[in-house]
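The lines below spell out each chain.
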Amino acid sequence: MAKANQILDRVLDFFETYVCAVLFFITCAIIFIQVVFRALSLPVAWTEESARYLCVWVIYLAASKGVKNGNHMSVDLLPMILKGKARVILYIIADLISLTFFVILCYFGVQVLISMNARPQFSAANGINMQLAYAAPYVGSGMMIIRALQRLVVLIKQLVGILPVEETESEKMMRQGGSAE
């Protein structure tokens, strides 16, 4: 089981890091082409639409990395006040709420994509099937489900004492003699 988790972790890391970097680079190149051609009064129709769809894909693929690292926006007041296992319980509750949202998003997203099979839509400038553009949030939410489950396993192991409870960033700074701001 641990081996399968490591392989899954590597695959997701590849998408979250390298695929996102390549898509982001392509997006920047497309936007650069758009700016140059507009400056020459030769607008290219496909650039804006392509950049928009690629940007959406980058956002949802990279959001999975945020779930893995616990970097999504949150109010840090309670985690700063709570210590040890109480903080772990808070993180478990928060991650369960997030996981529920990801599952709902993924479930209904798949339903939307299935319903689009009956009457496919195509983008105006590129002519691509809109299922490809609409799939980004649902693929991303699927990846976030996996990351949330991985994170929950670690938190539960911390709760039962199999793994040590990790320090928060502010606790690390305080231990090193810095100030937590």
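Residues numbered from 1 in each chain as written. Predicted model: local features only at pLDDT ≥ 70, side-chain atom pairs only at ≥ 80, totals over all residues. Heavy atoms only, no water.

**Q** I'm lost on the nonpolar core in this one. Help?
**A** General note: in soluble globular proteins, nonpolar side chains tend to be found buried as a group. Of all hydrophobic cores here, the largest spans 19 residues; its most connected members are Leu23, Trp57, Leu61, Leu113 and Met130. Leu113 has contacts with Gln131, Tyr134, Ala135 and Tyr138, leaving out every residue within four places of it along the chain. Ala63, Val67, Val88 and Leu99 belong to the second-largest nonpolar core, a separate cluster that totals twelve residues. (Core = buried A, V, L, I, M, F, W, Y, C linked by side-chain atoms within 4.5 Å. Buried < 20%, exposed > 50% of the residue type's maximum accessible area, 1.4 Å probe, protein only. Contact = heavy atoms within 4.5 Å.)

**Q** Teacher, can you tell me more about the confidence of the model for the protein chain here?
**A** Parts of the prediction with low pLDDT should not have their coordinates interpreted in detail. Per-residue pLDDT for the protein chain has a mean of 89; in total, 94% of the residues score no lower than 70. Mean pLDDT across the elements of the protein chain ranges from a minimum in helix H6 (residues 169-175), with 68, to a maximum in helix H5 (residues 130-160), with 94. (pLDDT = per-residue confidence, 0-100. Helix = DSSP H or I, 4+ residues; strand = E, 2+ residues; numbered from the N terminus.)

**Q** Is there a simple way to think about unusual backbone geometry in this case?
**A** Positive phi outside glycine occurs at Ser41, with the angle close to 60°. Mapping Ser41 onto the fold places it in the loop between helix H1 (2-39) and helix H2 (45-69). What makes Ser41 exposed here is its relative accessible area of 62%.

**Q** Would you mind going over the packing of aromatic side chains with me for this structure?
**A** The relation between two aromatic rings is expressed through the spacing of the ring centres and the mutual angle of the planes. Tallied over the entire structure, the rule returns four aromatic pairs. Summarising the aromatic geometry, the rings of Phe14 and Tyr18 are spaced 5.9 Å apart at their centres and angled 40° between planes, so their arrangement reads as tilted. Taken together, the residues span about one helical turn, with Phe14 and Tyr18 both in helix H1 at a distance of four residues. Accessibility expressed as a relative area gives 54% for Tyr18, which makes it exposed. Ring centres 5.1 Å apart and planes at 80° place the aromatic pair Tyr107 and Phe108 in the edge-to-face group. One aromatic cluster is present, built from ring pairs that chain together Phe14, Phe15 and Tyr18. (Phe/Tyr/Trp six-rings, centres within 6.5 Å; stacked < 30°, edge-to-face > 60°.)

**Q** How should I be thinking about the side chain of Ser123 in this particular structure?
**A** Assignment of secondary structure puts Ser123 in the loop between helix H4 (84-115) and H5. There is a polar contact of 3.0 Å between the side chain of Ser123 and the backbone nitrogen of Gly127. For Ser123, the residues in contact, after removing those within four places along its chain, are Glu49, Tyr53, Ile128 and Met130. (Polar contact = N/O pair within 3.5 Å; in protein donor to acceptor, adjacent residues only side chain to side chain.)

**Q** Honestly, H5 in this entry has me stumped. Any pointers?
**A** Compared with the 45 Å implied by 1.5 Å per residue over 31 residues, the 46 Å span of H5 between its first and last C-alpha is a close match. Near the N-terminus of H5, the side chain that reaches the backbone nitrogen of Gln131, with its oxygen 2.9 Å away, is that of Asn129. Within two residues after H5, Gly161 carries a phi angle of roughly 95°, on the positive side. (Expected span 1.5 Å × (residues − 1).)

**Q** How should I be thinking about the pattern of salt bridges in this particular structure?
**A** On inspection of all chains with the given rule, the structure shows nine salt bridges. Note that Lys68 and Asp9 form a salt bridge whose closest N and O atoms lie 3.9 Å from each other. Note that Lys68 is positioned in helix H2 and Asp9 in helix H1, a separation of 59 residues in sequence. Residues Glu48 and Arg52 are paired through a salt bridge, measuring 3.5 Å at the closest nitrogen-oxygen approach. Of the two residues, Glu48 and Arg52 are both situated in helix H2; the distance of four residues between them amounts to about one turn of the helix. (Salt bridge = Lys/Arg side-chain N within 4 Å of Asp/Glu carboxyl O.)

**Q** What am I meant to see in the packing of H1 against H5 here?
**A** Between two packed helices, the angle of one axis relative to the other and the distance separating the axes together describe the packing. Two elements in contact, H1 and H5, have axes separated by 11 Å at closest approach and are oriented at 135°. With respect to each other, H1 and H5 are oriented oblique. At the point where H1 passes H5, the crossing takes the left-handed sense. Judged by residue contacts, Asn5, Leu8, Asp9, Leu12, Asp13, Phe15 and Glu16 of H1 engage Met143, Ile146, Arg147 and Gln150 from H5. Grouping the constituent residues of the contact of H1 with H5 by class yields five nonpolar, two polar and four charged. (Axes fitted to C-alpha atoms, helices over the stretch in contact; angles between N-to-C directions. Parallel < 35°, antiparallel > 145°, perpendicular 65-115°, else oblique. Left-handed = near helix turned anticlockwise from the far one by under 90°. Nonpolar A, V, L, I, M, F, W, Y, C, P; charged D, E, K, R; others polar.)

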